[in-house]
Structure formats: structure tokens, C-alpha cells
Amino acid sequence: MSYLLRVQLPDRPGSLGALALALGSVGADIISLDVVERTPDHAVDDLVVEMAPGSLPDTLITAAEKLEGVRVDSIRPYADILDTHRELELIDQVAMASSDRIQVLVDGAPSVLRVGWASVVAAGPHGPYLVAASSGAPETRPGQLPWMPLKKPLLLDTEADWVPEPWRDMAISLAAAPLGQKDMALVLGRPGGPEFRPSEVARLGYLAGIIGTILL
């Protein structure tokens, strides 16, 4: 079994090594690491770890948080293919698609950006409408999107009136970025959190900006 852990740890020499030893003590192997955010005091990393069948994921949290200054923000099963060049491959897939490039984008974005689902929405003369959505996207759709059209990527307020109640029940985190010049936006949802970090919102913006030029 593989799990994706988002871990906050002190940004000092030896912290990651100590974490690796702690996770190894409960039978976990780190097979991938992405730096999500770094400040002068701490780092936030996404770790994909592999455990033997039957092992309890709670043991990962217990082992990690025994270390001083370490906090596990979230843990969830991970079944995606590991790839250190995920964004580049998705850009290439969209560029090479002979049709329905937007569907290719939303199908690939969840694994690339490590979220639950992705969709593309647009603002029309009769209100917002769904252009395409990945599997796992909520069937309930918002009646309005007051933040459209977007001029820059942003973290969306999940307590706002436009957010459907079923979405709030998921304890969802939402981020969006403008996609091209047609009043479209790429929306990401992460049910159960963790909340998008500023660096993740910026990363979404860069990816949507590049793909938006391909879709023109």
C-alpha cells in the first residue's frame, strides 16, 4: 500500500533524515518526495511512502510526530504513477491531443497536482457552465461563480454562499486559475484537505497559463 503524507518539518539539516528513519522504524519506505513550500523556519513536503499490506497508516503519523517540530498535515491512499516530470508530460499530452484537449487536461490534472478532482468552468451569457470534469468531480454544480472571470490564480473561499452544501460537507479545499482568454477557469478540489498552500496555487497558475496558450 502507498500513502501520500503532507508533512511539516523544521527546515534544518538532518530533519528529513530523521523523518526517514522514523518512518522506516514502522516499516515504511519513502519512494517519492516533493517540496511543496519552504520558509526560513520550516518546510512542507509531500512524501509518497510504501507500507506492507495490512499495516495501519496511523502508525506513520505516530512515528513522524514523535520527532520534535514535525506535524503531519494529511495522509491519504496514493495510487497514481510516480513521475518527476508530471507537469511536462501533461502539457505534452494536451498539445498532442487530436481532440477534446480540455478533457485531457482535467483527466490528467488530479494526479499531476495531487488533488481529488479537476474541472474547467466558463462564464456564459446565461451564467456559469461546466466545460469538462474529471472522474470524482461532484455532481452538484454551483448556480453562480461570482469570482469569474479570473485574472490570476487564487484560493477559493469554501464558506462563500456560492459553494454547494454537499461540497462543504466534504471539508473541501478549492483553488482556481484562469485558462486562456475565453473566460474559462481550471478548478481543483481536494476533499478532506489539506488546504492549498500559496506555492501550490502559484504552481496551478503556471500550469494553467502554459496550457491556456495551447488551447487558444
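Computed from a predicted model, the values in this text were never measured in an experiment. Residue positions are counted from 1 within each chain, in the order its sequence is given. Selection of residues for local features in this predicted model requires a pLDDT of at least 70, selection of side-chain atom pairs for listing and counting requires 80 or more, and totals for whole chains, interfaces and linings are taken over all residues. Think of the side-chain values as coming from all heavy atoms in the structure, minus any hydrogens and water.

Trainee: Tell me about the environment of Glu65, and please be specific about residues and values.
Mentor: Structurally, Glu65 is set in helix α2 (residues 58–65). The rule is simple: take the accessible area with a 1.4 Å probe, protein chains only, and divide by the maximum for that residue type; under 20% is buried, over 50% is exposed, in between is partly exposed. For Glu65, a relative accessible area of 38% gives the class partly exposed. Separated by 46 residues in sequence, Glu65 and Leu19 place their C-alpha atoms 9.1 Å apart. From its side chain, Glu65 meets the backbone nitrogen of Val72 in a polar contact 2.9 Å long. Working definition: helices are DSSP H or I runs of at least four residues, strands are E runs of at least two. Numbering for both runs from the N terminus. Two N or O atoms form a polar contact when they lie within 3.5 Å of each other; inside protein one atom must be a possible hydrogen donor and the other a possible acceptor, and for residues adjacent in sequence the pair counts only when both atoms belong to side chains.

Trainee: Just give me the short version of the packing of aromatic side chains, but keep the residues and values in it.
Mentor: Note on ring pairs: Phe, Tyr and Trp rings are taken, using the six-membered ring of Trp, and paired if centres are within 6.5 Å. Classes follow the plane angle, with under 30 degrees stacked, over 60 edge-to-face and the rest tilted. Within this structure, the stated rule accounts for 3 aromatic pairs. Aromatic side chains Trp117 and Trp167 sit 5.5 Å apart centroid to centroid with 70° between the ring planes, which places their arrangement in the edge-to-face category. Of this pair, Trp117 sits in strand β5 (residues 117–124) while Trp167 is found in helix α5 (residues 165–169), placing the two residues 50 residues apart along the sequence. Judged on exposure class, the residue Trp117 and its partner Trp167 are both buried. These aromatic residues form a ring-pair network of at least three members: Trp117, Trp147, Trp162 and Trp167. The positively charged end of Arg190 is found above the aromatic ring belonging to Phe196, 4.4 Å away from the centroid. Lysine and arginine charges are scored as sitting over a ring when NZ or CZ, respectively, is within 6 Å of the ring centre and within 35 degrees of the ring normal.

Trainee: Can you lay out the sheet that holds strand β2 (residues 29–38) for me, pointing to particular residues and giving the numbers?
Mentor: Read from one edge of the open sheet, 4 strands run β2-β3-β1-β4, paired in antiparallel fashion. Looking at which strands have only one partner, the edges of the open sheet turn out to be β2 and β4 (71–77). Taking the axes of each pair of neighbouring strands and ignoring which way they run, one obtains an average angle of 20° across the sheet. Any two strands are treated as partners once DSSP identifies two or more bridges connecting them. Sheet topology places strand β1 (residues 2–10) next to β4; 6 bridges connect them, and they run antiparallel. By the bridge assignment, Leu4 is partnered in β4 with Arg76. Interaxial angle, 0 to 180 degrees, is taken between N-to-C directions of lines fitted to C-alpha atoms, where a helix line uses only the stretch in contact.

Trainee: Go over unusual backbone geometry, please, and point to the residues and values.
Mentor: For the peptide bond that leads from Met148 to Pro149, omega is -5°, which places it in the cis range. Following the sequence through the fold, Pro149 ends up in the loop between β6 (127–133) and β7 (154–156). At Arg114, a residue that is not glycine, the phi angle is positive and equals roughly 55°. By the element assignment, Arg114 lies in the loop between α4 (101–113) and β5. Residue classification places Arg114 among the buried residues on the basis of a relative accessible area of 4%. A positive phi angle, close to 55°, is found at Ala171, a residue other than glycine. Here Ala171 is to be found in the loop between α5 and β8 (173–179).

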